[in-house]
Amino acid sequence: MTRERLSARVQSVPPSGIRRFFDIAATMENVISLGIGEPDFVTPYTITQAGIRSLQQGKTAYTSNSGTIELRQELQKHLNQLYGINYDPENELLITVGVSEALQNAMLATIDPGDEVIIPEPCFVAYGPSVVFAGGFPVYVSTSVEQEFQVTREAIEAAITPKTKAILIGYPNNPTGAVMSRERLLDIAALAEQYDLLVFSDEIYDRLVYGVEHTSFAQLPGMRERTILLGGFSKAYAMTGWRLGWLAASAEIANAVRKIHQYAIMSAPTVAQYAGLAALQTGEEDVQRMVSEYDRRRQVIVAGLRQIGLPTFEPQGAFYVFPQVSSLGLTSEAFVEGLLYNEKVAVVPGDAFGPSGAGFVRMCYATSMDNIETALERIERYVRSL
């Protein structure tokens, strides 16, 4: 008898829908990529120097499982200053290997087999698999451009069953750039209270907002104790390769997540933690500089796509734009494939992020203005050819 070597859980999860076209693009010359969600800025000098100094000073050993106490104390101050929420650095903050580890371990610590987790979509591709790997069932609820891609109370409540354990939200949103209003977040908070649900809130793009204010879910009345707040350094500080994130939650939940982190990871990279400490202490001016430049690019790409004739929702956060291509009579995938092969511009089909993304494509404007302007010229030429 031949045994199946792979778990059914892993086999049930498809590969990331983001990667396929970029594997193709990697074999081509002169491709402009508006695909991977990564800042084109290098990590600011003072942050990098702090990491280098830590190595020069011989700080190369493990840290506490939770992360250095200095970084956790600085993170506590950071969250308090931004949102007025206070977490105990000793028991309620955990430094992780990016937000991805924080999310997966939080799922493993709280979700039992058969539990359902409600996820508004379009959403980051890892959300559903993180639930599946924990043994749970992702229950997707749709959002629409007419609602500015903000999930409604009615949509979430309609999906709640006796098996519902939690809601997983990610705003500012990848892929749409939507930012949830405080009023709609309060609607979700009311449901969480009414049905006794946990809320996973992925706020990795919290600093990247334009003309609006980000509301942290944990700062809403009564939500701190039922929120698992996730964040990190990758996007705002241009530190993707440092792999540094964090989780903030009640001591009960944080300690449970720490147990998994302890066995799976031990501790986040020491050099990255010293760089992260410098980011919180000295990086604000750099954050504002990068946000200002993202905003300039955002305005150019939105105006350019609309001028081409592609209906384009105006994103208020993150660094993505989500134009609609279904008016051209093409599926998202057909548009992406045609644009790549004919004009050498790489973007991501919207339905890689869920069924609500069908007919849209995701473009990342975290690239140079020259690339954006050249990409717009190529996109216009492709659209005219249709």
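What you are looking at is a predicted structure, and each value in this text was computed from that prediction instead of being measured.

A. Region of the structure containing the pattern of salt bridges. Taken as a whole and judged by the stated rule, the model has 16 salt bridges. Residues glutamate 284 and arginine 207 are paired through a salt bridge, measuring 2.8 Å at the closest nitrogen-oxygen approach. Pair noted here: glutamate 284 is in helix α11 (residues 284-308) and arginine 207 is in the loop between β6 (198-202) and β7 (227-232), with a separation of 77 residues, a long-range link. One salt bridge connects glutamate 380 with arginine 384, and the closest N-O pair in it is separated by 3.3 Å. Pair noted here: glutamate 380 and arginine 384 are both in helix α13 (residues 369-385), with a separation of four residues, about one helical turn. Overlapping salt bridges, with partners in common, bring together Asp40, Glu293, Arg296 and Arg297 in one network.

B. Geometry of the packing of helix α4 (residues 69-83) against helix α10 (residues 270-282). Across the interface, α4 lies against α10 with an axial gap of 9 Å and an inter-helix angle of 30°. Relative to α10, the element α4 lies roughly parallel. When the axes of α4 and α10 are compared, the crossing they make is left-handed. Contacts from Glu70, Leu71, Glu74, Leu75 and His78 of α4 reach α10 at Gln273, Gly276, Leu277, Leu280 and Gln281. In terms of residue class, the contact of α4 with α10 is made up of four nonpolar, four polar and two charged.

C. Main features of the sheet that holds strand β13 (residues 361-364). Spatially, four strands are ordered β9-β10-β13-β12 in an open sheet, and the strand pairing comes out antiparallel. Taken across any chain shown, the strands that pair with only one partner, and hence form the sheet edges, are β9 (312-313) and β12 (348-349). Looking at chain direction, β9 and strand β10 (residues 320-323) are connected through two bridges and run antiparallel. Each residue of the ladder has a partner; that of threonine 312, found in β10, is proline 323.

D. Region of interest: α13. Given a rise of 1.5 Å per residue, 17 residues ought to cover 24 Å, and the 24 Å separating the end C-alpha atoms of α13 matches this to within 8%. Here α13 has its buried residues at Met369, Ile372, Ala375, Leu376, Arg378, Ile379, Tyr382 and Val383. Of the surrounding secondary structure, the elements contacted by the buried residues of α13 are β1 (32-33), α11, α12 (332-343), β11 (345-346) and β13.

E. A look at the packing of aromatic side chains. Considering all chains together, one arrives at twelve aromatic pairs under this definition. Their ring planes at 80° and their centres at 5.6 Å tell us that phenylalanine 149 and phenylalanine 322 sit as a pair that is edge-to-face. With phenylalanine 149 in the loop between β4 (137-142) and α7 (153-159) and phenylalanine 322 in strand β10, this pair connects stretches of sequence that are 173 residues apart. Among the residues examined, phenylalanine 149 registers a relative accessible area of 1% and is labelled buried. Taking relative accessible area as the criterion, phenylalanine 322 reaches 0% and is therefore assigned buried. One aromatic cluster in this structure is built from Phe41, Tyr205, Tyr294, Phe319 and Tyr320. Positioned above the aromatic ring of phenylalanine 41 is the side chain of arginine 289, whose terminal nitrogen or guanidinium carbon lies 5.7 Å from the ring centre.

F. The state of the cysteines, seen in detail. Evaluation of the coordinates by the stated rule reveals zero disulfides. Of the cysteine sulfurs around cysteine 364, a residue in no disulfide, the closest is that of cysteine 123, at 17 Å.

G. Broad picture of the pairing of β4. Strand direction decides the pairing type here: strand β3 (residues 116-121) and β4, joined by six bridges, are parallel. Paired with valine 117 across the two strands is proline 138, which belongs to β4. For the crossover from β3 across helix α6 (residues 127-133) to β4, the handedness is right-handed.

So, how was this worked out
Along each chain, the written sequence defines residue order, and numbers are assigned to residues from 1. In view of the model being predicted, local features appear only for residues whose pLDDT reaches at least 70, and side-chain atom pairs are presented and counted only at 80 or more, with totals across whole chains, interfaces and linings using the full set of residues. Remark: hydrogens and water are excluded; side-chain values derive from all non-hydrogen atoms of the structure. One speaks of a salt bridge when a side-chain nitrogen belonging to Lys or Arg is within 4 Å of a carboxyl oxygen belonging to Asp or Glu. Secondary structure elements follow DSSP: runs of H or I no shorter than four residues count as helices, runs of E no shorter than two count as strands, and numbering proceeds from the N terminus. The axes are straight lines fitted to the C-alpha atoms, using for helices just the contacting stretch, and the angles between their N-to-C directions are given from 0 to 180°. An angle below 35 degrees is read as roughly parallel, one above 145 as roughly antiparallel, one from 65 to 115 as roughly perpendicular, and any other as oblique. Left-handed describes a crossing in which the near helix is turned anticlockwise from the far one by less than a right angle; the clockwise case is right-handed. In what follows, residue pairs with any heavy atoms lying within 4.5 Å of each other are defined as contacts. Following the grouping adopted for this structure description, the nonpolar residues are Ala, Val, Leu, Ile, Met, Phe, Trp, Tyr, Cys and Pro, the charged ones are Asp, Glu, Lys and Arg, and the polar ones are all others, Gly among them. A strand pair is defined by DSSP finding two or more bridges across the two strands. Under the convention used throughout, the expected extent of a helix is 1.5 Å for every residue step, that is, one less than its residue count. For the exposure calls, accessible area comes from a 1.4 Å probe over protein chains only, and a residue counts as buried if that area is under 20% of its type's maximum, exposed if over 50%, partly exposed in between. Under the pairing criterion, centres of Phe, Tyr and Trp rings, with the six-membered ring standing for Trp, must be within 6.5 Å; the plane angle then separates stacked pairs below 30 degrees from edge-to-face pairs above 60, leaving the rest tilted. Put simply, a charge is over a ring when the Lys NZ or the Arg CZ is close to the ring centre, within 6 Å, and near the line of the ring normal, within 35 degrees. Two cysteine sulfur atoms make up a disulfide if the distance between them is within 2.5 Å. By definition, the crossover connecting two strands over a helix is right-handed if that path, from the first strand to the second, turns clockwise as seen with the strands pointing away from the viewer.

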